[in-house]
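Take a look at the letters that make up each chain.
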Amino acid sequence: MDLALCFAIPTITILVRNLRDRYKGPWFYVVMGLMATALTNLFVGYFILLPAMVIAIVLTPRKQYARSTLRYLAYLAGTAFLILVPFILYLQFYNMDLLSFFRQMLYDTRAYSYYPLLIAELSTLSQYYAAGAGLLLLGSILRLIFTDSKNGLDELIILFFFIVISTIYLPQLSISTGWFDPDQLNGFYALLISILLGIAFAHVMRFINWIIRYQQSVIKIIESFSLVAGITALIYLQGGVEVSRVLPSTTPNGFHEAYYQIIDEHLPYSYATVGPEIDRSLAKNRHYFMNYNYFLNQYGSIDSLYQQWLLVPPQQRTNQAVPPPSIFVFVEKPPYGSIQQGILYNSSNVMRNIEQWFSQFRELEGRTVNTYYSSDQVTVYEIVNRKGEAEIDEVLLHIHPTNRADNDE
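Predicted model, so just to flag it, every value in this text is computed and none were measured.

What counts, and at which threshold
- Residues numbered from 1 in each chain as written.
- Predicted model: local features only at pLDDT ≥ 70, side-chain atom pairs only at ≥ 80, totals over all residues.
- Heavy atoms only, no water.
- Helix = DSSP H or I, 4+ residues; strand = E, 2+ residues; numbered from the N terminus.
- Buried < 20%, exposed > 50% of the residue type's maximum accessible area, 1.4 Å probe, protein only.
- Contact = heavy atoms within 4.5 Å.
- Areas by Shrake-Rupley, 256 points an atom, 1.4 Å probe, with all protein chains shown as cover.
- Phe/Tyr/Trp six-rings, centres within 6.5 Å; stacked < 30°, edge-to-face > 60°.
- 1 Å grid on protein atoms, 1.4 Å probe; cavity = no way out; pocket = protein on both sides within 12 Å on 5 of 7 lines; lining within 4 Å.
- Points joined across faces, edges and corners; volume = space filled by probe spheres on them.
- Axes fitted to C-alpha atoms, helices over the stretch in contact; angles between N-to-C directions.
- Parallel < 35°, antiparallel > 145°, perpendicular 65-115°, else oblique.
- Left-handed = near helix turned anticlockwise from the far one by under 90°.
- Salt bridge = Lys/Arg side-chain N within 4 Å of Asp/Glu carboxyl O.

**Considerations on the overall build of the protein**
In step 1: On a plain count of helices and strands, the protein comes out with 15 helices and 5 strands.
In step 2: Going through the 409 residues of the protein one by one, you find that 38% of them count as buried.
In step 3: Contacts in the protein between residues at least 24 apart in sequence constitute 66% of all its contacts with a sequence separation of at least 6.
In step 4: Element-wise, carbon and sulfur atoms account for 60% of the exposed surface of the protein, whose accessible area totals about 25,000 Å².

Written as structure tokens, this is what we have:
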């Protein structure tokens, strides 16, 4: 996402410059910037850069306003569709679900908020930021109306876009979507906040210049002194430059230690793990994976069908999917405070449900549950469906027949 932003920010800057310039620059750089951004990260390309470009085009007045606006929007729509063509062709060729693919590409489960040095919650600060941006937007509009100056057009576009982004963080609106996590916008939102503070400083300097009306050389000295004094005051008020070296709570100590012990001792794709959705990337090309929600809601039915399948004589069994020989379930011990909410929502409730599930599962006939790993914070349960088919040592012991000595004779 950070790399994609490195393409997105210059692209929107070039677009705004081309829109306001008397001699319009070529669209080649704008189109290439959008393509580079979207192909690097679809979320940044389609949820950050593309809306910003649309807002810039709609809010920028031109002589042939309606005709040029529609033409520029057509450029963007054509480019956005062209970017998706390789993805669509690939998914159609391999008969993959289009909607699921794009939801997976756009939703980043690894994004979470952890800012221990903020003076208040980000949702609370966003209310003040949005209110400040609204006042600055009103000031920019009045300036454009009464001074007939187009120099504030860039500020108008940025402020409008900032308000749009801020609405996602406002707790009163409670905007939620299954297409992206609002925490994915944190890095870009921090950049917009710094730009907002710069615009606010510029408005204050313009107001001082309007009242005092000194020479431009004097105004520049006042601006430079005010900027340095303001930054120094902010650093002093917060007690110096603070750098947090506290690591965020992600998963409990022992999760990864137990996980690497599992992959060292078991054959690939002979087992499944059950954990937070963020661990799905670890399972790629290595083993099967279920998140907690799927395990709690679906595994009971899978196990019931598997037990019925075992009752069928081997010669009459059909080739149908069966659960892997071993399933490892990662469970945090009380007081359930280590898993970050951005990684697992309401982790304490999930862990209690897992423990309750196992207490009922152990009472069923023919089920085997072992404690594979245990520490002060973590317990890893192993559901053994077929003993000896997952562990590397067990498989190696069965390479040669048991009567090897007789065969050698």
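**A word on the packing of aromatic side chains**
In step 1: With the rule as written, the count across this model stands at 26 aromatic pairs.
In step 2: Seen in terms of ring centroids, Phe-328 and Tyr-372 are 4.9 Å apart; in terms of plane orientation they differ by 70 degrees. Their pairing is edge-to-face. Taken together, the residues Phe-328 in strand S3 (residues 326-332) and Tyr-372 in strand S4 (residues 368-374) connect sequence positions 44 residues apart. Each member of the pair, Phe-328 as well as Tyr-372, carries the same accessibility label: buried.
In step 3: Members of the aromatic cluster, each reached through a chain of ring pairs, are Phe-295, Tyr-299, Trp-357, Phe-358, Phe-361 and Tyr-381.

**Focus on empty space enclosed by the protein**
In step 1: This structure, assessed with the given rule, holds 1 cavity of 30 Å³ or more.
In step 2: Each pocket or cavity is described by its volume, and for the largest cavity that value is around 110 Å³.
In step 3: Along the wall of the largest cavity there are 12 residues; nearest its centre are Phe-255, Tyr-259, Asp-279, Leu-282 and Phe-330.
In step 4: Sorting the residues of the lining of the largest cavity by element identifies helix H10 (255-265) and strand S1 (271-275) as the ones contributing at least two each.

**Looking at unusual backbone geometry**
Trans peptide bonds make up the majority, and among non-glycine residues the majority have a negative phi.
In step 1: Put simply, Pro-334 and Pro-335 share a cis peptide bond, and its omega is 10 degrees.
In step 2: The topology assignment puts Pro-335 in the loop between S3 and helix H13 (347-361).
In step 3: Look at Asn-285: it is not a glycine, yet its phi comes out positive at around 60 degrees.
In step 4: By the element assignment, Asn-285 lies in the loop between helix H11 (280-283) and strand S2 (288-291).
In step 5: Judged by its relative accessible area of 63%, Asn-285 is exposed.

**Considering the packing of helix H6 (residues 122-147) against helix H8 (residues 186-212)**
Axes are the key here: two packed helices are described by the angle between their axes and the distance separating the axes.
In step 1: The geometry of H6 relative to H8 is characterised by a closest axis approach of 10 Å and an angle of 45 degrees between their N-to-C directions. Put simply, H6 runs oblique to H8. Crossing hand, H6 versus H8: left-handed. Residues Leu-122, Ser-126, Tyr-129, Ala-133, Leu-136, Gly-139, Ser-140 and Arg-143 of H6 touch H8, and the partners they reach there are Asn-186, Tyr-189, Ile-193, Leu-196, Ile-199, Ala-200, His-203 and Arg-206.

**A few points about the pattern of salt bridges**
In step 1: What the rule picks out here adds up to 4 salt bridges.
In step 2: Salt-bridge contacts for Arg-367 lead to Asp-303; the nearest nitrogen and oxygen are separated by 2.6 Å. Placement of Arg-367 in the loop between H13 and S4 and of Asp-303 in helix H12 (residues 292-311) is noted, with a sequence separation of 64 residues between them.
In step 3: According to the relative accessible area criterion, Arg-367 is partly exposed, its value standing at 22%.

**Points about the environment of Leu-344**
In step 1: Within the secondary structure layout, Leu-344 lies in the loop between S3 and H13.
In step 2: With relative accessibility at 12%, the residue Leu-344 sits in the buried group.
In step 3: As for Leu-344 and Asn-291, which are separated by 53 residues in sequence, their C-alpha atoms are 10.0 Å apart.
In step 4: Residue contacts for Leu-344: discarding those within four places in its chain leaves Tyr-292, Ile-339, Val-350 and Met-351.

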